[in-house]
Amino acid sequence: MKIDTLTDSIGEWLRGTGPESDIVMSSRVRLARNLAHFPFVGRASEQERFDTEALLRQRIAAAPLGGSLEYIDVGHLEEIDRQFLVERQLISREHADAQGARGVAIDGREQVSLMINEEDHLRIQCMHSGLDLAGAFEQIRAVDEQIEKVVPYAFHPKWGYLTACPTNVGTGIRVSVMLHLPALVITRQIDKVFRSLHKISLAVRGLYGEGSQAMGDFYQISNQTTLGKTEEELIEQVGDVVPVLIDYERRAREFLVRETQENVHDQVSRAYGILRTAQTISAEETMQLLSRVRMGVLLGLIGDVTIPDINVLLVRTQPAHLQKIRGVELDTNDRNIERARYLRHHFEGGAEPAN
Amino acid sequence: MKCQHCDRQAVFHITELETGEVREVHLCEEHARTYLNQSEAAGEPPLGKPGGLATPLGVGQTAEELSVLDQKTCDMCGISFFEFRNQGRLGCPHDYVAFEKELEPLIANIHGATEHVGRRPQQAAAIVMPQEGTEGLTRVIGLRLEMKEAIACEDYEKAKENRDLIREIEETWLGPAVAPPPPEATP
């Protein structure tokens with residue numbers, strides 16, 4: 001697959017559609033699986049990694065779903081292309097930075113991605129726009145069932161699916177939703193919300209942020225445990241808390257409009273102003289400002305921008321995307337100038353700056 | 001009221017309750033964001049990092065007990081429990097059997113459970129043993145290691161024996177080396 005064809009599309013999680021998509025960006029389910037007859041990736045020799053990759057690659061391609069997948073040999077990609085796939089959420093940062101034979105199979109809609117030789121031999125991921133955990137699970141289950149017919153997954157009756165890290169053992173499932181929670185951040189309730197999530201053993205991470213520091217008020221909520229509950233129960237655990245968070249965020253947005261309308265309107269307008277006029281701007285600042293504008297659009301304070309528009313900008317202003325769009329490698333300074341140029345053009349009249 | 005860190009108006013008034021101490025913080029929006037991000041980072045459990053995995057093992061175990069434990073190795077991939085504790089990653093599927101006793105408290109600590117209740121692989125149902133799962137296939141990891149050692153010692157007889165055995169086991173589990181068309185696709 002040509003990575004360049006991906007730069008023209010936007011990918012599932014950016015579509016800005018699906019239930020509750022004003023707050024829920026995307027719903028994601030991933031499964032960790034390993035072959036029974038090879039050491040886990042971290043312990044495998046170069047040859048064993050190669051054999052693992054070859055076997056999985058061939059058998060997945062021969063399965064019914066194989067025809068709808070495109071395979072990318074990540075081990076032979078340039079760093080910028082690997083970074084591009086990370087920004088796209090099709091591979092993990094660990095997978096991008098790893099060594100040896102590895103790859104990813106992706107479906108045309110960018111809903112399904114199968115990472116080979118990440119921490120586990122196989123990491124299946126399925127992502128849907130908006131709040132749709134049930135739909136994502138149904139799809140990933142079908143994919144998993146096809147693959148387990150053609151390769152022997154390591155399985156133990158007591159421990160379930162065996163994984164390189166004991167934190168994933170059992171179901172091997174990680175269920176997560178990405179939420180946009182600007183009003184909870186502004187009204188400083190976010191910290192309280194997260195503490196209560198930790199208490200019910202859910203994890204919180206930021207989008208693109210280092211560690212747990214979220215960038216642009218985007219947060220990912222996921223299950224911490226994978227053993228002792230069924231897949232359905234674990235999905236419920238995450239799914240049950242989402243409507244509560246949506247409700248909190250909506251109330252916080254209402255509060256902001258009711259109590260501090262001028263303030264919020266001012267903040268949002270300034271953010272929009274900077275994005276439309278800046279001459280140099282970092283990826284972090286861009287994301288923070290786009291987050292504010294996104295909220296402004298949803299509160300009816302900004303009229304001439306759409307949510308899918310902002311979602312697209314969120315990913316296209318990331319370093320690797322920006323360089324792919326421009327077709328040249330750029331250092332940080334040049335990227336910041338180029339990013340500002342891209343944003344100005346985008347807001348001026350929709351036409352993308354020519355290469 | 002002014003922000004504690006700058007001259008701007010304090011808009012966030014946070015009351016921290018930690019270990020019985022009450023502390024008030026007054027911040028402008030910008031400093032509040034930094035502050036909240038910091039405390040959020042501190043609240044993140046160190047799961048997934050080697051350190052986070054290693055810690056619960058120490059509970060109720062003396063240094064001596066631990067050092068004996070650390071020397072235990074897996075017959076298949078050769079990883080020692082010490083290596084696992086350092087890296088936080090296991091070496092192969094058999095580790096869950098080889099280190100079962102040692103892993104049990106750790107897994108209970110992480111998941112609050114020690115029994116899988118979710119889905120089971122369908123394909124393998126015919127071969128997967130009810131007691132030992134895919135252990136029968138995982139054996140080849142150890143056989144491959146032995147084969148390498150035999151070659152290094154120029155014991156070609158033994159190496160050939162292992163190679164044939166590996167082939168036999170793999171074929172039973174995986175079918176012929178080239179992927180057959182999946183059942184649905186055959187007319």
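In case you missed it, the structure is sitting above this.
This structure is a prediction, so every number in the text was calculated from the model and none was measured.

Cut-offs applied
- Residues numbered from 1 in each chain as written.
- Chains lettered and ligands numbered in written order.
- Predicted model: local features only at pLDDT ≥ 70, side-chain atom pairs only at ≥ 80, totals over all residues.
- Heavy atoms only, no water.
- Helix = DSSP H or I, 4+ residues; strand = E, 2+ residues; numbered from the N terminus.
- Salt bridge = Lys/Arg side-chain N within 4 Å of Asp/Glu carboxyl O.
- Buried < 20%, exposed > 50% of the residue type's maximum accessible area, 1.4 Å probe, protein only.
- Axes fitted to C-alpha atoms, helices over the stretch in contact; angles between N-to-C directions.
- Parallel < 35°, antiparallel > 145°, perpendicular 65-115°, else oblique.
- Left-handed = near helix turned anticlockwise from the far one by under 90°.
- Contact = heavy atoms within 4.5 Å.
- Nonpolar A, V, L, I, M, F, W, Y, C, P; charged D, E, K, R; others polar.
- Pairing = 2+ DSSP bridges.

### Here's the deal with the environment of Arg292 of chain A
Logical step 1: With respect to the helices and strands, the residue Arg292 of chain A is situated in helix α9 (residues 283-298).
Logical step 2: In this structure the C-alpha to C-alpha distance between Arg292 of chain A and Val264 of chain A, which are 28 residues apart in sequence, comes to 9.2 Å.

### Brief notes about the pattern of salt bridges
Note that side chains of opposite charge can pair when their charged atoms are close.
Logical step 1: Inspection of the entire model under this criterion finds 32 salt bridges over all chains.
Logical step 2: Two residues, Arg292 of chain A and Asp217 of chain A, come together in a salt bridge whose shortest N-O distance is 3.6 Å. In this pair, Arg292 of chain A is assigned in helix α9 and Asp217 of chain A in the loop between β9 (202-206) and β10 (218-223), connecting sequence segments 75 residues apart.
Logical step 3: Overall, Asp217 of chain A belongs to the buried group, its relative accessible area being 3%.
Logical step 4: Of the charged contacts, one joins Glu146 of chain B and Lys158 of chain B as a salt bridge, the two residues approaching to 3.1 Å between their closest N and O atoms. Within this pair, whereas Glu146 of chain B is found in helix α7 (residues 135-152), its partner Lys158 of chain B is found in helix α8 (residues 156-174), the two being separated by twelve residues in sequence.
Logical step 5: Note on Glu146 of chain B: relative accessible area 35%, which makes it partly exposed.
Logical step 6: Three or more residues are tied together by salt bridges with common partners; here these are Arg33, Arg141, Asp144, Glu145, Glu148 and Glu232 of chain A together with Arg119 of chain B.

### Focus: the packing of helix α3 (residues 79-87) of chain A against helix α11 (residues 319-326) of chain A
Residue and element names in this part refer to chain A.
Logical step 1: Packing of α3 against α11 leaves a shortest axis separation of 8 Å and a crossing angle of 120 degrees. In terms of axis orientation, α3 runs oblique to α11. In terms of crossing hand, the pair formed by α3 and α11 is left-handed. For the pair α3 and α11, contact is made by Ile80, Asp81, Gln83, Phe84 and Glu87 and by Pro319, Ala320, His321, Gln323 and Lys324, respectively.
Logical step 2: Tallied by class, residues from the contact of α3 with α11 come to four nonpolar, three polar and three charged.

### Section: the pairing of strand β3 (residues 103-107) of chain A
Residue and element names in this part refer to chain A.
Logical step 1: Here β3 lies mainly inside the structure; five of its five residues are buried.
Logical step 2: Here β3 shows no split at all, with Gly103, Ala105 and Asp107 on one side and Val104 and Ile106 on the other all buried.
Logical step 3: Here strand β2 (residues 69-72) runs beside β3; their pairing, made up of four bridges, is antiparallel. When the bridges of β3 are listed, Tyr71 appears paired with Ala105.
Logical step 4: Pairing geometry for β3 and strand β4 (residues 112-116), over four bridges, is antiparallel. Paired with Val104 across the strands is Met115, a residue of β4.
Logical step 5: Counting the residues between successive antiparallel strands, the hairpin from β3 to β4 contains four residues, one of them, Glu110, with a positive phi of roughly 60 degrees.

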